[in-house]
Structures are given as C-alpha cells and as structure tokens.
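Next come the chains, spelled out residue by residue.
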Amino acid sequence: MPTKGVSRVGGLGTAVGACLVLALGVSGCSGSSPDPADGAPASTPSGTPSSAAPSTPAPSHPPRSPSPTATAAAPSGTAAATPSAAARALRLPPRHAGFDYQIGGAYKPPSGVRIVSRDRASKPAPGLYNICYVNAFQTQPEERSSWPSDLLLKDANGEQVVDEDWGEVLLDIRTPAKRQRVAARVNAWIDGCADKGFDAVEPDNYDSYTRSDGLLKASDAVAFIELLSRHAHARGLAIAQKNTVELAGERKKAGLDFAVAEECGAYDECGAYAKAFDDRVVVIEYTGEGLRKAVAGFGKRLSIVRRDVMVTTPGSDTYVRTVR
C-alpha cells in the first residue's frame, strides 16, 4: 500500500496490476480478442494458460502487508499449476464499478460496492467480484523465518535486503531455479484463494526490484510474475498488476489482466494504467487531494475509492472510506 511513509507501493512500491502471462494474449488484455461483457465469464484459452464475511483484526503494520496468514508448506519441484477438475472460467473485474479495499480486515461491503479486495486469510464477500491479496515479492515480517535462507535476497556482505518501510525482506528471484521455488510457495497461496472462491489475485510488491540496491532487475520481476499468472489462469483466476506503472507496457508479456493502482491520482499515473488495461483499473487513494484528482480525471471510467493508510475496519479511529 502506501509506501515510503504515506506514498503508495505501486509506481512507488508495492501497489497493483498489469497483464502478467508473457505473450499469452489473455482475453481482456488490450490488443487481444474483444473483452467479454463486464463481470461475465471470459473463456480461458486452452493449452497454455493466458492470462457479509467475518471481520478480521487490523494489521499490525501498514496495509500493503496485511495481517500474516499461516504459511503453506512450499511444494517441492517446479511451480506447475494444478487446476482442479472443475476449473472455473476466468472472469475479469467490471469497469467503473463500486470498489472497496479491505486488505486490513474484512467487513460488510458498503452499499454500491461490486468489487472488493481482501487478504488471502479472509473469505470472499458473497455476490461480489473478489480479489485476493498476497504478498508475493517480499516476506511478511512474521513469516521471514519460514522462508529458506537462500531465497532471501542478500547483498555482497551476506546481509538481507530489507524494505525498511515495512520490515519485509525481499525474495531472491534472480535465477530461473529460485523463481520456480518462490513461485511454488506463492502459487500454493493462490490455490487457497481459488479454493475459497475468489475471482482474482493481487500479487503485491511487483516493484520490489526498485528497492533491491540493483540486485534485482525489472526482467526478473516480469519473469517471476509470469509464473504466477500462468498458475492463476490455470485455476480460473484473473491476476492484477499491483502498482509499478513503469512496467505497464509489459502486461501482455507478463500475462496480467487488470491493475490495482495505489495513488495514481496523486501521482498523475491513472492515465497510463487506464491505457494499458483498457480502463480495467481499481484505484486506491489515501488523501483527499489524490481522490479529487482521480475522480476529476477518471471518475467516469475507473473504480476509485479513498481509504485510510492502514486500511482499517469501520469503528476504528482512523477508518476512512470516501468515493467522492
């Protein structure tokens, strides 16, 4: 979520979305076959894959890193997708629809909401389009010790590379073999999202390479998210690009279907996301001015909401949710 103090995680750090599966031509990506009606099932290409719930406690750290969930044992071998026998047709989120960002704790969606994003530990909201948040490129602080040491990014002195704003160690995705191993664990979380009935997945920290002191490259991030997008699509889930506007042009190669953009109004990036994802963009602003700019420029095209930085639940002293 907001990164660096109050700034967001996307163009800045770890916010959302673009079309992930490299050159797979997923239905719904601009330049590919026509999109299905908003909210309607999209046919999943055969062969190579293309692209009121109980309340949970507020996270102990900022929204971008929601409350920790039990870590599934990482499958051995490659991160090959294991679609269920009754794989669902891939559905893309509707455009310009009421949206709520609930990764800090699930609660009954306000009236008019059609899309909701929740942490993978939560359940989907009945009757809505549900996006499942997973921290894919960095560790949750409480889960750091559960990761194999060699999958934690280290500098030349053997020190772990940490996103200091969130206390999260970056994952080492520099080689194909390591990408496969990290993806095996993240894909197990994606399986959990699919099994719970979510419609899409939001892998956070796509832009972690920008905080790696030059150890990771943008190409590493794209290659890794391609593994996640293939698996998500095989499970019938759409996949979002979280922030990282500089990689929006890689959406088709990466196999991404839509974008989750934090503070694109505040940073004048909404237009780039809208163009890359054909207006299939959900926007979270954290300031009144950011909301004003997002609504003024894209209020009739994108799904926009203002939330508090910690993405708290109603009843919290810091809870904020505004749409205009």
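Residues numbered from 1 in each chain as written. Predicted model: local features only at pLDDT ≥ 70, side-chain atom pairs only at ≥ 80, totals over all residues. Heavy atoms only, no water.

Let us now look at the pairing of strand 13 (residues 281-285). Among the 5 residues that make up strand 13, 5 are buried, leaving the element largely enclosed by the rest of the structure. Residues V281, V283 and E285 of strand 13 are buried on one face, and the alternating residues V282 and I284, pointing to the opposite face, are buried as well. Note: strand 12 (residues 258-262) against strand 13, 4 bridges, orientation parallel. The residue bridging A261 from the neighbouring strand is V283, located in strand 13. (Buried < 20%, exposed > 50% of the residue type's maximum accessible area, 1.4 Å probe, protein only. Helix = DSSP H or I, 4+ residues; strand = E, 2+ residues; numbered from the N terminus. Pairing = 2+ DSSP bridges.)

A rise of 1.5 Å per residue sets the reference length of helix 2 (residues 218-234), with its 17 residues, at 24 Å; its end C-alpha atoms lie 24 Å apart and thus fit the reference within 8%. Most of helix 2 is tucked away, with 13 of its 17 residues classed as buried. Positive phi appears at G236, one or two residues downstream of helix 2, with a value of about 80°. (Expected span 1.5 Å × (residues − 1).)

A separate point is the state of the cysteines. Within this structure, the stated rule accounts for 2 disulfides. Paired by a disulfide, C264 and C270 hold their sulfur atoms 2.0 Å apart. Of note, the bridge from C264 to C270 carries an S-S torsion of about 85° and is right-handed in sense. Like C270, C264 is buried. (Disulfide = S-S within 2.5 Å.)

Before going further, it helps to spend a moment on the nonpolar core. If you look at the biggest cluster of nonpolar residues, it comprises 54 residues, and the most contacted ones within it are V186, Y206 and F224. Secondary-structure elements contributing two or more residues to this core are strand 6 (129-135), helix 1 (176-196), helix 2, strand 12, helix 3 (270-276), strand 13 and helix 4 (288-298). Apart from the residues lying within four places of it in its own chain, the contact partners of Y206 are F137, A221, V222, I225, Q241, K242, T244, L247, A254 and L256. (Core = buried A, V, L, I, M, F, W, Y, C linked by side-chain atoms within 4.5 Å. Contact = heavy atoms within 4.5 Å.)

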